[in-house]
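So you can see what is in the structure, the chains are spelled out below.
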Amino acid sequence: MTDFDALFGADLRLLGDLEYAEQRERGADLLTAVRPVSSKVDLQRLTGVQDLQQALLLRFLTQVGELAHLGHPEYGSRLHELVGEPNTETTRNRAKLFALQALQGEPRIAAVQSVTVTTDRRRPTWLVIKVEVLTVHEPTPLNLVLPIDLGGSVA
């Protein structure tokens, strides 16, 4: 394992798409792949920046307090609080605030370049959160997209 991989970590792969995730499919968490040499199926692993991508998406998709019983009461985001709200400028501003709060808890982020929240043109009750961060010891920005179904009304 390189120093870079040690810095960013390694984990089992839990999400299919690491750049765009709208939900965490509970009960179908572990992804598998065929080993190239033996043709046996094994659990997929992520290392480096891909591990961080997954970690950030899982942080956004987990409600704050959901992991309190495991000793992580501050882990997660408050984005779930927006479900049922109308898609207004106020709701979009709250989504940005909640995203920024969630990003503060990640020690592998050196700086948040931008967080933008827009309305999905095809689905007017959906928000699209786009995040660009700089990670520690990595000059290339990391981009994530997180759609959120408010399920509320259109403003």
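The present account deals with the structure reproduced in this document. Every value quoted in this text rests on a predicted model; they were computed, and no experiment measured them.

### Considering the sheet that holds strand E5 (residues 109–119)
The three strands lie next to each other as E5-E6-E7, forming an open sheet whose pairing is antiparallel. If you trace the sheet from one side to the other, it starts and ends with E5 and strand E7 (138–149), each paired once. Taken over all neighbouring pairs, the strand axes of this sheet differ in orientation by 15° on average, direction set aside. Of the pairings in the sheet, the one linking strand E6 (residues 126–135) to E7 comprises nine bridges and is antiparallel in character. Residue pairing for E7: Ile 129 is matched across the bridge by Leu 146. Here helix H2 (residues 48–61) sits on the sheet in contact with E5, E6 and E7, set at roughly 30° to E7. Packed onto the sheet, helix H3 (residues 89–104) meets E5 and E6 and runs at close to 160° relative to E5.

### Some remarks on the packing of H2 against H3
In contact at an axis separation of 10 Å, H2 and H3 are set at 130° when each is read in the N-to-C sense. Between H2 and H3, the interaxial angle falls into the category oblique. The crossing of H2 and H3 is right-handed. Residues Leu 56, Arg 59 and Phe 60 of H2 lie in contact with H3, whose contacting residues are Ala 99, Ala 102 and Leu 103. Broken down by class, the residue content of the contact of H2 with H3 amounts to five nonpolar, no polar and one charged.

Calculation criteria
- Residues numbered from 1 in each chain as written.
- Predicted model: local features only at pLDDT ≥ 70, side-chain atom pairs only at ≥ 80, totals over all residues.
- Heavy atoms only, no water.
- Pairing = 2+ DSSP bridges.
- Helix = DSSP H or I, 4+ residues; strand = E, 2+ residues; numbered from the N terminus.
- Axes fitted to C-alpha atoms, helices over the stretch in contact; angles between N-to-C directions.
- Contact = heavy atoms within 4.5 Å.
- Parallel < 35°, antiparallel > 145°, perpendicular 65-115°, else oblique.
- Left-handed = near helix turned anticlockwise from the far one by under 90°.
- Nonpolar A, V, L, I, M, F, W, Y, C, P; charged D, E, K, R; others polar.

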